[in-house]
Number of protein chains: 2
Amino acid sequence: MLNQLDRAFQALGDPTRRTLVERLAAGPASVSELAGPLPMSLPAVMLHLKVLEESGLVISEKKGRVRTCRIDPNALSLAENWINARRRMWERSLDRLDAFLDETAKDER
Amino acid sequence: MLNQLDRAFQALGDPTRRTLVERLAAGPASVSELAGPLPMSLPAVMLHLKVLEESGLVISEKKGRVRTCRIDPNALSLAENWINARRRMWERSLDRLDAFLDETAKDER
DNA sequence: AAAATACTTAAGGCATCGCTTGACAATTGG
DNA sequence: CCAATTGTCAAGCGATGCCTTAAGTATTTT
């Protein structure tokens with residue numbers, strides 16, 4: 001029972017899939033175009049695309065016999081925001097520690 | 001042969017490890033404190049911490065018999081920046097498409 | 001209609017992951 | 001010193017992940 005954030009991070013954890021995202025960030029592409037430069041079979045790339053699609057990072061639609069894939073920037077933002085929130089939280093906790101240490105130093109004077 | 005970005009994203013892909021990061025974002029904690037609320041054995045939590053540490057997201061140091069863990073916000077930024085760069089790239093490519101479509105519409109007038 | 005293109009599905013192999021239990025330090029408090 | 005606390009190491013097991021090949025299906029192209 002994995003949520004979207006799990007899936008997104010897990011998807012980005014694989015170098016092949018990050019390469020795919022990187023390629024798609026430059027613009028939409030077909031499955032063959034994506035698979036072309038990669039050192040693996042086309043079915044393998046399809047599986048990666050499936051993972052990316054289930055994570056919400058990538059959207060695809062089929063017209064005729066070619067499936068065109070594109071990035072969904074919303075899903076990217078979701079992951080980005082999660083990290084950002086935690087980083088900010090951590091920085092605030094550091095600030096509180098600094099303030100506490102300053103207080104202590106003042107008291108000791 | 002995984003690089004730091006792979007490890008970081010893979011680490012964040014696991015719900016337990018994101019819970020750990022979430023907890024640590026509020027401030028440092030010992031291994032037992034981290035394991036306490038979690039529905040698994042302490043060795044299991046240790047393994048998760050090892051993954052987080054190898055990914056660079058978490059730093060720990062041992063004093064006496066207690067190991068204190070804290071977040072390294074730099075590693076968080078690394079992942080955040082990667083996503084941000086791709087999202088921006090994608091948005092730029094959308095802008096170019098819009099511009100192109102506008103041009104085309106003008107030509108057809 | 002036959003051939004080529006572009007994917008899709010299925011079956012299977014091997015590695016890694018997440019977790020468990022059990023045994024084993026190392027440190028500290030009574 | 002003895003015992004409790006806190007963490008570490010190791011073996012192992014079932015599930016998942018990544019990839020392969022082989023055999024489809026659907027859609028153009030010739």
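Here, the structure is the one placed above.
Residues numbered from 1 in each chain as written. Chains lettered and ligands numbered in written order. Predicted model: local features only at pLDDT ≥ 70, side-chain atom pairs only at ≥ 80, totals over all residues. Heavy atoms only, no water.

1. Focus on the packing of helix 2 (residues 15-25) of chain B against helix 4 (residues 42-54) of chain B
Helix-helix packing is characterised by the crossing angle of the two axes and by the distance between the axes.
Residue and element names in this part refer to chain B.
Turning to step 1, where the next piece is worked out: Orientation of helix 2 relative to helix 4, taken along the N-to-C sense of each, is 75°, at an axis distance of 10 Å. Taken together, the axes of helix 2 and helix 4 lie roughly perpendicular to each other. Taking contact as the criterion, the partners of Thr-16, Arg-17, Leu-20 and Val-21 in helix 2 are, on helix 4, Val-45, His-48, Leu-49, Val-51 and Leu-52.
Turning to step 2, where the next piece is worked out: Taken together, the residues of the contact of helix 2 with helix 4 sort by class into six nonpolar, two polar and one charged. (Axes fitted to C-alpha atoms, helices over the stretch in contact; angles between N-to-C directions. Helix = DSSP H or I, 4+ residues; strand = E, 2+ residues; numbered from the N terminus. Parallel < 35°, antiparallel > 145°, perpendicular 65-115°, else oblique. Contact = heavy atoms within 4.5 Å. Nonpolar A, V, L, I, M, F, W, Y, C, P; charged D, E, K, R; others polar.)

2. A closer look at the protein's contact with DNA strand D
Turning to step 1, where the next piece is worked out: In the vicinity of DNA strand D there are 22 residues, among which His-48 of chain A together with Ser-32, Met-46, Arg-65 and Arg-67 of chain B approach most closely.
Turning to step 2, where the next piece is worked out: Per the 4 Å cut-off to the protein, sugar and phosphate atoms form 70% of the nearby atoms of DNA strand D.
Turning to step 3, where the next piece is worked out: The separation between a phosphate oxygen of DNA strand D and a polar side-chain atom of Arg-17 of chain A is 3.2 Å.
Turning to step 4, where the next piece is worked out: Within the contact set of DNA strand D, a phosphate oxygen lies 2.8 Å away from a backbone nitrogen or oxygen of Ser-41 of chain A.
Turning to step 5, where the next piece is worked out: Those elements giving two or more residues to the surface near DNA strand D turn out to be helix 2 (15-25) and helix 4 (42-54) of chain A together with helix 3 (31-35), helix 4 and strand 3 (66-71) of chain B.
Turning to step 6, where the next piece is worked out: The dominant element in the surface near DNA strand D, judged by the number of residues it contributes, is helix 4 of chain A, at four residues.
Turning to step 7, where the next piece is worked out: Among the residues forming the surface near DNA strand D, the class breakdown is nine nonpolar, seven polar and six charged. (Near = heavy atom within 4 Å. Polar contact = N/O pair within 3.5 Å; in protein donor to acceptor, adjacent residues only side chain to side chain.)

3. Some thoughts on the protein's contact with DNA strand C
Turning to step 1, where the next piece is worked out: In the vicinity of DNA strand C there are 22 residues, among which Ser-32, Arg-65 and Arg-67 of chain A together with Ser-41 and His-48 of chain B approach most closely.
Turning to step 2, where the next piece is worked out: Each atom of DNA strand C within 4 Å of the protein belongs either to a base or to sugar and phosphate, the latter forming 72%.
Turning to step 3, where the next piece is worked out: One of the side-chain nitrogen or oxygen atoms of Arg-17 of chain B is found 3.2 Å away from a phosphate oxygen of DNA strand C.
Turning to step 4, where the next piece is worked out: For the surface near DNA strand C, the secondary structure elements donating two or more residues are helix 3 (31-35), helix 4 and strand 3 (66-71) of chain A together with helix 2 and helix 4 of chain B.
Turning to step 5, where the next piece is worked out: Ranked by residue count, the leading element in the surface near DNA strand C is helix 4 of chain B, at four residues.
Turning to step 6, where the next piece is worked out: For the surface near DNA strand C, the class distribution of residues is nine nonpolar, seven polar and six charged.

4. Some details on the sheet that holds strand 3 of chain B
Residues and elements named next belong to chain B.
Turning to step 1, where the next piece is worked out: Strand order in the open sheet formed by three strands is 1-3-2, and the pairing between neighbours is antiparallel. Edge positions in the sheet fall to strand 1 (29-30) and strand 2 (58-63), since each of these pairs with one other strand and no more.
Turning to step 2, where the next piece is worked out: As judged from the six bridges shared by strand 2 and strand 3, these two strands associate in the antiparallel manner. Its bridge partner lying in strand 3, Val-58 is registered against Ile-71.
Turning to step 3, where the next piece is worked out: Relative to the sheet, helix 2 contacts strand 1, strand 2 and strand 3, its axis offset from that of strand 3 by approximately 90°. (Pairing = 2+ DSSP bridges.)

5. Brief notes about the pattern of salt bridges
Turning to step 1, where the next piece is worked out: What the rule picks out here adds up to eight salt bridges over all chains.
Turning to step 2, where the next piece is worked out: Here Arg-86 of chain B and Glu-22 of chain A are joined by a salt bridge, their closest N and O atoms 2.5 Å apart. With Arg-86 of chain B in helix 5 (residues 73-108) and Glu-22 of chain A in helix 2, this pair bridges two chains.
Turning to step 3, where the next piece is worked out: By relative accessible area, which is 33% here, Glu-22 of chain A ends up partly exposed.
Turning to step 4, where the next piece is worked out: Among the salt bridges present, the one from Glu-91 of chain B reaches Arg-87 of chain B, with a minimum N-O distance of 3.1 Å. In this pair, Glu-91 of chain B and Arg-87 of chain B are both assigned in helix 5, four residues apart and thus about one turn of the helix distant.
Turning to step 5, where the next piece is worked out: Salt bridges here are not isolated pairs; linked through shared partners, they connect Glu-80 of chain A together with Arg-87 and Glu-91 of chain B. (Salt bridge = Lys/Arg side-chain N within 4 Å of Asp/Glu carboxyl O. Buried < 20%, exposed > 50% of the residue type's maximum accessible area, 1.4 Å probe, protein only.)

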